[in-house]
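If you want the building blocks of each chain, they are given just below.
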Amino acid sequence: MKKHLPVFVVIISLISFKQICFSQPVSYLKPQVQLLNTIKQNFDDAGKQYKIMAAKLAPGEFPRSYNPAADKFVTSKSAWWCSGFYAGTLLNLYEQGHDDALLAEANRSMDSLAKEEYNTHTHDLGFMMYCSFGNANRVEPMPEYKQILINSARSLSTRFNPKVGCIKSWDSKPSDFLVIIDNMMNLELLFWATKESGDSSFYKIAVTHANTTMKNHYRADYSSYHVVNYNAQTGEVLQRKTAQGSADESAWARGQVWGLYGFTVMYRETKDKKYLDQAEHIAGFILNHPNLPADKIPYWDFNAPNIPGALRDASAGAIMASALLELCRYVDKKDGMTYFNTAQTIIKTLSSPEYKAAPGTNGGFILKHSVGHLPQKSEIDAALTYADYYFVEAMKRYQQFSTK
Ligand code: GLY
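This is a predicted model, so every value here is computed, not measured.

Before going further, it helps to spend a moment on the sheet that holds strand β5 (residues 177-180). What the 3 strands build is an open sheet, ordered β5-β6-β7; its pairing is antiparallel. A single partner strand is all that each edge strand has here, and the edge strands are β5 and β7 (237-241). Averaged over all neighbouring strand pairs, the angle between strand axes comes to 20 degrees, with direction disregarded. In this sheet, strand β6 (residues 227-230) lies alongside β5 in antiparallel orientation, the contact comprising 4 bridges. Directly across from Leu178, in β6, lies its bridge partner Asn229. Across the face of the sheet, helix α8 (residues 201-216) comes into contact with β5, β6 and β7 while running at roughly 105 degrees to β6.

Moving on: the packing of aromatic side chains. What the rule picks out here adds up to 23 aromatic pairs. Relative to Tyr389, the ring of Phe85 lies with its centre 5.4 Å away and its plane at 55 degrees, an arrangement referred to as tilted. Residue Phe85 is found in helix α3 (residues 85-97), and its partner Tyr389 is found in helix α13 (residues 385-399); the two are separated by 304 residues along the sequence. Given a relative accessible area of 0%, Phe85 falls into the buried group. Across from the ring centre of Phe73, 5.7 Å away, lies the NZ or CZ of Lys56, which sits over that ring.

What counts and what doesn't
Residues numbered from 1 in each chain as written. Predicted model: local features only at pLDDT ≥ 70, side-chain atom pairs only at ≥ 80, totals over all residues. Heavy atoms only, no water. Pairing = 2+ DSSP bridges. Helix = DSSP H or I, 4+ residues; strand = E, 2+ residues; numbered from the N terminus. Axes fitted to C-alpha atoms, helices over the stretch in contact; angles between N-to-C directions. Contact = heavy atoms within 4.5 Å. Phe/Tyr/Trp six-rings, centres within 6.5 Å; stacked < 30°, edge-to-face > 60°. Buried < 20%, exposed > 50% of the residue type's maximum accessible area, 1.4 Å probe, protein only. Lys NZ or Arg CZ within 6 Å of the ring centre and 35° of its normal.

See the structure below:
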């Protein structure tokens, strides 16, 4: 891969932007003292929950979900797309109270995860490696973390097809090239890799993937399809469909918020206004949707057939809160306050006993009531490791608006 120094210099200045933007209060975005206290309590409770969870894990296993109906704690191996959220959550919790037991457990988990740096059979390396080793490197930078992250970015890049202009999401038959909206979340790793290595190839892949996704995944109302199938030889769109949503033409809730978060990161990393506009349009679709409940936790699909009886998806709420707490920093005061207040409502709702598990229950997970893959009858009304990860991230982002 070729190196381009001028691009690198521009990008270095963007690193400073990221650091500034997450550590600064904004005069008109004021966190509520009561909610800050609730968050502190949530972090204390979460640390205790994660110690309960740690005791359930056999070596080489990663927490995946908890099914309350069957009282079943479900784990995965390191190759599952969710394997990095556990270490990431532990690291974010460690930063709160510097409890060494949480750091030690994160390190133990990452020891079993590191080998995935060479996995070229998944597009999920951003989730797996950046949420774990990325956080670890932020908490305590280490050459070995950096090397694992660079290797992961290289593995992810092998899935990029220049003819399509995308990273392939799912391997299937050779005539298919399947890309899912979730894949926007893996691009942050590539931006990091360019900043770290000076190799602009990663940056270019991320930008190309985002541009292709913006063109082909979105409907006129800025809702997103879940899956686009491309002709791998010509780049032509063959099909637009769903895998995890209620119908091909529906708006699967988590897909909408993956896009919201992904295009917000695109703006942070490039400062290209078209990504900010896209993120704002997506936010408009979500926040103005007649099926978004007043407590702001989406139904698992905005077009689920049995609304208002449909299940909610706490994971979609948590991801949305975290994304909005970044997006609100980049927009005008009016929109910024709308996004901030929506995220605040989500954090309050998720902190209530309806969503936050009582200590000692829920397999050690923090949140209840997420939906993983309803059409496959998998992880329905369950606890999910990524719901916890983004809830913790959202609470941390909320704290960063405090002047104290
Ligand atoms: N990336 C898979 C999901 O959101 O369920």
